[in-house]
Amino acid sequence: MIKTINASTTELFRETFNKVNENFGQMFKRLFGGGTAHLVLSDETDVLECGIDIVATPPGKTELSNSLLSGGEKALTAVALLLAIFQYRPSPFCVLDEVDAPFDEANIGRFVNVLTEFLDWTKFIIVTHSKKTMTASTTLYGITMQESGVSKQVAVRFEDVNDKGEIIKDKDSSGSRKAA
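Let me begin by describing the structure that accompanies this report.

Analysis parameters
Residues numbered from 1 in each chain as written. Predicted model: local features only at pLDDT ≥ 70, side-chain atom pairs only at ≥ 80, totals over all residues. Heavy atoms only, no water. 1 Å grid on protein atoms, 1.4 Å probe; cavity = no way out; pocket = protein on both sides within 12 Å on 5 of 7 lines; lining within 4 Å. Points joined across faces, edges and corners; volume = space filled by probe spheres on them. Helix = DSSP H or I, 4+ residues; strand = E, 2+ residues; numbered from the N terminus. Nonpolar A, V, L, I, M, F, W, Y, C, P; charged D, E, K, R; others polar. Expected span 1.5 Å × (residues − 1). Buried < 20%, exposed > 50% of the residue type's maximum accessible area, 1.4 Å probe, protein only. Contact = heavy atoms within 4.5 Å.

1. A short note on the layout of surface pockets
So, point 1. Roughly 670 Å³ of internal volume is contained in the largest pocket.
So, point 2. Considering the residues around the largest pocket, the lining is formed by 23 residues, among which Phe124, Ile126, Ser137, Thr138 and Thr139 are closest to the centre.
So, point 3. For the lining of the largest pocket, the secondary structure elements donating two or more residues are helix H3 (105-116), strand S5 (123-127), helix H4 (131-135), strand S6 (139-147) and strand S7 (150-157).
So, point 4. The class makeup of the residues in the lining of the largest pocket is 15 nonpolar, seven polar and one charged.

Here's what the structure looks like:
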């Protein structure tokens, strides 16, 4: 019985690993604007007990182990792997905490573009300080201090903001919305 379970588990693992590895290579290229990446099993003979190494080559660089990448490259590689897994097995939601902090503007742009493609099946909660990431959202939640020592939660839906950047609060008597 154990041999049967191990055989079917090994087969399922290899199938999943191969598909996620393929997705990872494609997602890495999209997020980096080129380059290559793949996953490597540390022991092909015992896939259920072995480790998995990440090998990533950003555009214009030589093949490196993930441990030799810069902070931004590591973060973007991790996002590529996470999204490759979501392509194989979607999740209804995902929380990302300041994952875009080490990204430059070009990488944030590609990051945001890729995330929007997942919105049909995954909702993202992103903790960020990046204005570019914030502008891609539909709703912002934040904490502000309107007076010293008093914090207040703020929520803004972008459909409620006019062209001048003002939050549209209420409708006036004519039915038109007025800015706050």
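Having seen it, we continue.
2. Re H3
So, point 1. Counted at 1.5 Å a residue, the expected span for H3 with its twelve residues is 16 Å, and the 17 Å between its end C-alpha atoms agrees.
So, point 2. Turning to H3, its buried residues number three or more, namely Asn107, Ile108, Gly109, Phe111, Val112, Val114 and Leu115.
So, point 3. Elements that come into contact with the buried residues of H3 comprise helix H1 (2-32), helix H2 (71-88), strand S4 (93-97), S5 and H4.

Nothing here speaks to function; it is all geometry.
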